[in-house]
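# Chain and residue survey
The residues making up each chain are set out below.
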Amino acid sequence: MSTDYQRARVELGRRLRELRDECPGGRLTGTDLAQVLGWPQSKVSKLENGRQTPTDGDLLAWAEAVGQPSAYPELRARLKGFESHIRSWRRQLAGGHAPVQEMWNTLTSGAEIKRSMSSAAVSGLLQTADYARYVFQAHAALQGAPRDTDAAVRARMKRQEWLYRPGKRLDLLMHESVLWARICPPEVLAAQLDRLLGVVGMDTLRMGILPLDADISLTLGNSFTILDDRLVAVEEWHAELWLDDAETIALYRRVWDTFAESAVFGTEAQQVIARVRRSLKV
């Protein structure tokens, strides 16, 4: 994550350590505090060294355990200041799309499971090169970013190798409207739909389609990706949000699971894609 984000987490950890050292009842060691809280000692160490983001509950328990419950509001304010990390597109795209794609290649390479909800465009892991080219060109124009389309496409195509590595899995949901969206010429969209038809049944892919007439219990929101239940990335027009607190990750898992209940998979998903493909007549 960014140095700003990590620095804020390290500062919060330093403050937690200060509170432990200043315990009114006498200084507690990390091991002592872990025993009081019923936590593994490693959790205390990770929180104090900025290697793990605490929850609100962790902060309240910590403040009370070190005899300084009045410190909780301050700790919570610090947490709220960085638990939603806003990665401005203007800053990210200052050097073009390719560096952002390379960053995502690195981030994805260590993940085992990606759960994605796509409500705007086909998932980058399944895009054809031509489809990706139109996506990058449109967003570069919108953001006034440098045009490094060819390099960005190459980087995105490289990331797709992840799908063919043992032990990896993409759980993907797409709304049917994504399949209809004419964000590229009909012949490019047709090839993209052919690509989707061809990957149904892959061992590393579970793809669900939310039909236009499906009963859904939630309104569609922005596209998002969950990496190994450790990070959620949400796409906004102005920025990409990186969220790694446990409560928020759990919320997005519930959102994904809720939409999955209304989706169709396997042969039924193929039928939806094929129906859209036939409508293109190319």
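Residues numbered from 1 in each chain as written. Predicted model: local features only at pLDDT ≥ 70, side-chain atom pairs only at ≥ 80, totals over all residues. Heavy atoms only, no water.

### Quick look at the environment of Met 174
Stated precisely, the cut-off is as follows: Here a strand is any run of E in DSSP of at least two residues, a helix any run of H or I of at least four, and the numbering for each starts at the N terminus. Relative accessibility decides the category of a residue: with a 1.4 Å probe and only protein chains considered, values under 20% of the type maximum give buried, values over 50% give exposed, and everything between is partly exposed. Any two residues whose heavy atoms approach within 4.5 Å at even a single point are treated as in contact.
By the element assignment, Met 174 lies in strand E3 (residues 169–175). When its relative accessible area of 0% is taken as the criterion, Met 174 is described as buried. The spacing of Met 174 and Ala 77 is 97 residues in sequence and 36 Å in space, taken between C-alpha atoms. For Met 174, the contacting residues outside a window of four places in its chain are Ser 118, Val 122, Ser 123, Leu 179, Leu 196, Met 207, Gly 208, Ile 209 and Leu 210.

### What to know about the nonpolar core
Put simply, the rule reads: Put simply, buried Ala, Val, Leu, Ile, Met, Phe, Trp, Tyr and Cys residues joined by side-chain atoms within 4.5 Å make one nonpolar core.
Leu 126, Met 174, Leu 179, Leu 196, Met 207 and Ile 209 are the most contacted members of the largest nonpolar core, which totals 29 residues. Top contributing element to this core by residue count: helix H11 (residues 186–199), with six residues. Not counting residues up to four positions away in its chain, the partners in contact with Met 207 are Leu 126, Leu 172, Met 174, Leu 196, Val 199, Val 200, Val 264, Phe 265, Gly 266, Ala 269 and Ile 273. Core analysis: the next-biggest nonpolar cluster, separate from the first, contains 19 residues, Leu 16, Leu 33, Leu 47 and Trp 62 among them.

### So, helix H4 (residues 56–65)
Using the following cut-off: Here the arc refers to the set of directions running from the helix axis out to each C-beta atom.
Within H4, the full set of buried residues consists of Asp 56, Asp 58, Leu 59, Trp 62 and Ala 63. Down the axis of H4, the buried side of the element spans an arc of 160 degrees, and every buried residue falls inside it. Trailing H4 by a residue or two, Gly 67 shows a phi angle of about 70 degrees, which is positive.

### Let's talk about the layout of surface pockets
Heads up, the condition is: Cavities and pockets are defined on a 1 Å grid built over the protein atoms alone: a cavity is a set of grid points where a 1.4 Å probe fits but cannot escape, while a pocket is an open set with protein on both sides within 12 Å along at least five of seven lines, and lining residues are those with an atom within 4 Å of any such point. Grid points are joined across faces, edges and corners, and a volume is the space filled by probe spheres set on the points. In this count, Pro and Cys sit with the nonpolar residues alongside Ala, Val, Leu, Ile, Met, Phe, Trp and Tyr, while Asp, Glu, Lys and Arg are called charged and the others, Gly among them, polar.
Each pocket or cavity is described by its volume, and for the largest pocket that value is around 1000 Å³. Surrounding the largest pocket, 38 residues form its lining, Ala 121, Val 135, His 139, Arg 156 and Glu 235 being those nearest its centre. For the lining of the largest pocket, the secondary-structure elements that each account for two or more residues are helix H7 (97–109), strand E2 (113–118), helix H8 (129–143), helix H9 (149–159), strand E5 (224–227) and strand E6 (231–235). When residues in the lining of the largest pocket are grouped by element, the largest group, seven residues, is from H8. Partitioning the lining of the largest pocket into residue classes produces 18 nonpolar, 14 polar and six charged.

### Description of the side chain of Gln 160
Of note, Gln 160 is situated in the loop between H9 and E3. The contact partners of Gln 160, leaving out residues within four places of it in the chain, are Gly 124, Leu 125, Leu 126, Gln 127 and Arg 195.

### So, the pairing of E3
In summary, the side chains of a regular strand alternate between the two faces of the sheet. Heads up, the condition is: We treat two strands as partners when DSSP finds at least two bridges between them.
The element E3 is largely enclosed, with a buried count of six among its seven residues. As defined by bridge partners, E2 adjoins E3 across six bridges and the pair is classed as parallel. For Lys 114, the partnering residue across the bridge sits in E3 and is Leu 170. Pairing geometry for E3 and strand E4 (residues 205–210), over six bridges, is parallel. Within the sheet, the bridge partner assigned to Met 174 lies in E4 and is Ile 209.

### Remarks on the packing of H8 against H11
What counts here: As a rule, the C-alpha atoms of each element are fitted with a line to give its axis, helices using only the stretch in contact, and angles between N-to-C directions run from 0 to 180 degrees. Every angle not falling under 35 degrees, over 145, or within 65 to 115 is termed oblique; those three ranges are roughly parallel, roughly antiparallel and roughly perpendicular. The sense of a crossing depends on the near helix, which, turned anticlockwise from the far helix by less than a right angle, makes the crossing left-handed and, turned clockwise, makes it right-handed.
Between H8 and H11, the shortest axis-to-axis distance is 8 Å and the interhelical angle comes to 125 degrees. If you check the angle between H8 and H11, you find them oblique. For the pair H8 and H11, the crossing hand works out as left-handed. Residue-level contacts link Asp 130, Tyr 131 and Tyr 134 of H8 to Val 188, Leu 189 and Gln 192 of H11.

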